[in-house]
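# Chains, contacts and geometry: an overview
Given next are the chains, with one letter for each unit.
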Amino acid sequence: MFGVVPKSLWQKTNPADANNMIDLTARCLLIEDDNRLVLIDTGMGNKQSSKFFGYYYLWGNDTLEKSLKQVGFHPNDITDVFMTHLHFDHCGGSVQWNADKTGYEPAFKNAHFWSNKDHWAWATKPNKREKASFLKENLFPIEETGNLNFLSTSYSSVPRTYSSKKPKSWLQYHPKTKVKRCRKHLHS
């Protein structure tokens with residue numbers, strides 16, 4: 001989880017258990033804005049194999065679908081999914097098994113999915129070192145829907161078709177950190 005940072009440094013604040021695993025919390029952000037219901041990241045999802053979840057153990061009974069239901073929404077209510085980056089623990093919940101488990105489908109059937117074009121290219125053709133973080137089953141089903149949109153790599157807002165005359169929120173892409181920042185914009 002900490003890449004090249006030595007364990008001797010990170011174990012002070014994040015001690016590993018007997019299986020060399022650490023506790024992490026995955027949180028997604030839900031934004032309600034006029035007629036838009038925007039989800040920022042989707043977590044790991046639950047479609048991976050038991051071997052996979054042996055390395056990334058999910059604890060607790062919380063799921064994204066249960067969390068949405070608790071606040072009165074259904075996955076089909078989501079209009080936009082912004083993926084801050086394409087590691088499996090941030091976008092894995094965007095895709096689920098289809099009904100007969102013969103393939104994958106978007107978990108948010110009515111949503112437009114947003115990423116960055118350069119990062120998408122990097123994630124869909126990863127180098128050997130990063131291949132385990134970018135899983136094709138999390139990415140290609142989104143692309144196949146035709147609902148994949150790309151943000152600019154500069155500090156610019158989401159395309160004008162997303163705007164309204166009322167105050168709106170948008171995300172910006174910061175090219176050095178791959179993090180999109182959400183900010184409120186008021187028309188004057």
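Criteria and thresholds
Residues numbered from 1 in each chain as written. Predicted model: local features only at pLDDT ≥ 70, side-chain atom pairs only at ≥ 80, totals over all residues. Heavy atoms only, no water. Pairing = 2+ DSSP bridges. Helix = DSSP H or I, 4+ residues; strand = E, 2+ residues; numbered from the N terminus. Salt bridge = Lys/Arg side-chain N within 4 Å of Asp/Glu carboxyl O. Phe/Tyr/Trp six-rings, centres within 6.5 Å; stacked < 30°, edge-to-face > 60°. Buried < 20%, exposed > 50% of the residue type's maximum accessible area, 1.4 Å probe, protein only. Core = buried A, V, L, I, M, F, W, Y, C linked by side-chain atoms within 4.5 Å. Contact = heavy atoms within 4.5 Å. Axes fitted to C-alpha atoms, helices over the stretch in contact; angles between N-to-C directions. Polar contact = N/O pair within 3.5 Å; in protein donor to acceptor, adjacent residues only side chain to side chain. Arc of directions from axis to C-beta.

Let us now look at the pairing of strand β1 (residues 29-33). When β1 meets strand β2 (residues 36-40), the two strands line up antiparallel, connected through five bridges. Residue pairing in the sheet places Glu32 in a bridge with Leu37 of β2.

Any two side chains of opposite charge can pair, given that their charged atoms come close. All chains considered together, the criterion is met by three salt bridges. Among the ionic pairs, Glu105 bridges to Lys109, the shortest N-O distance being 3.2 Å. Here Glu130 ties to Arg129 by a salt bridge, and the two come within 3.7 Å at their closest N and O atoms.

Here we take up the packing of aromatic side chains. By convention here, two paired aromatic rings are described through the distance between centres and the angle between planes. Within the structure shown, the criterion is met by six aromatic pairs. Each ring, one from Phe52 and one from Phe88, has its centre 5.2 Å from the other, and the planes form 80 degrees; the classification is edge-to-face. Taken together, the residues span a long stretch of sequence, with Phe52 in helix α2 (residues 50-55) and Phe88 in helix α4 (residues 88-91) at a distance of 36 residues. Grouping residues by exposure puts Phe52 and Phe88 together as buried. Taking 6.2 Å as the distance between ring centres and 70 degrees as the angle between the ring planes, the aromatic pair formed by Trp120 and Phe150 counts as edge-to-face. You can see Trp120 sitting in helix α5 (residues 117-124) and its partner Phe150 sitting in strand β7 (residues 148-151), a full 30 residues away along the chain. Of the aromatic side chains, those joined through ring pairs into one cluster are Phe52, Phe53 and Phe88.

In this structure, Ile78, Val81, Met83, Leu86, Phe108 and Phe113 are the most contacted members of the largest nonpolar core, which totals 19 residues. Broken down by secondary-structure element, the contributors of at least two residues to this core are β2, α5 and α6 (136-145). Contacts of Leu86, omitting those with residues within four sequence positions, involve Cys91, Ser115, His119, Trp120, Ala123, Ser133, Phe134 and Leu139. Ranked by size, the runner-up nonpolar core spans six residues in total, among them Ile31, Val38, Ile40 and Trp114.

It is worth spelling out the sheet that holds β1 at this point. Taking strand neighbours across the sheet as the criterion, the five strands line up as β1-β2-β3-β6-β7 in an open arrangement whose pairing is mixed. The two strands at the open ends of the sheet, each matched to only one other strand, are β1 and β7. Ignoring which end each strand starts from, the neighbouring axes of this sheet average 25 degrees apart. Strand contacts of α5: β6 (112-116) and β7, with the helix running at about 85 degrees to β6, the strand carrying the most contacts.

On to α6, then. Three or more residues of α6 are buried, namely Glu137, Asn138, Leu139, Pro141 and Ile142. Buried residues along α6 sit in contact with α4, β4 (95-97), β5 (104-106), β6, α5 and β7. Following α6 by one or two positions, Gly146 adopts a phi angle in the positive range, close to 80 degrees.

On to the side chain of Asp41. Residue position: Asp41 is located in the loop between β2 and α2. In this structure the side chain of Asp41 is engaged in a polar contact, spanning 2.8 Å, whose partner is the side chain of Thr84. In contact with Asp41, not counting residues within four places along its chain, are Cys28, Phe82, Met83, Thr84, His85 and His90.

This paragraph deals with the environment of Trp114. Structurally, Trp114 is set in strand β6. The class for Trp114 is buried, based on a relative accessible area of 6%. Sequence separation between Trp114 and Thr84 is 30 residues, and the spatial gap between their C-alpha atoms is 8.7 Å.

Moving on, we get to α5. Where α5 is concerned, the buried positions are His119, Trp120, Ala123 and Thr124. End-on view of α5: buried residues confined to an arc of 125 degrees, all on one side of the axis. Across from the buried face of α5, at angles greater than 90 degrees, the exposed residues are Lys117 and Asp118. Contacts made by the buried residues of α5 are with β6, α6 and β7. Capping the start of α5, Asn116 holds a side-chain oxygen 3.0 Å from the backbone nitrogen of Asp118, two or three residues further along.

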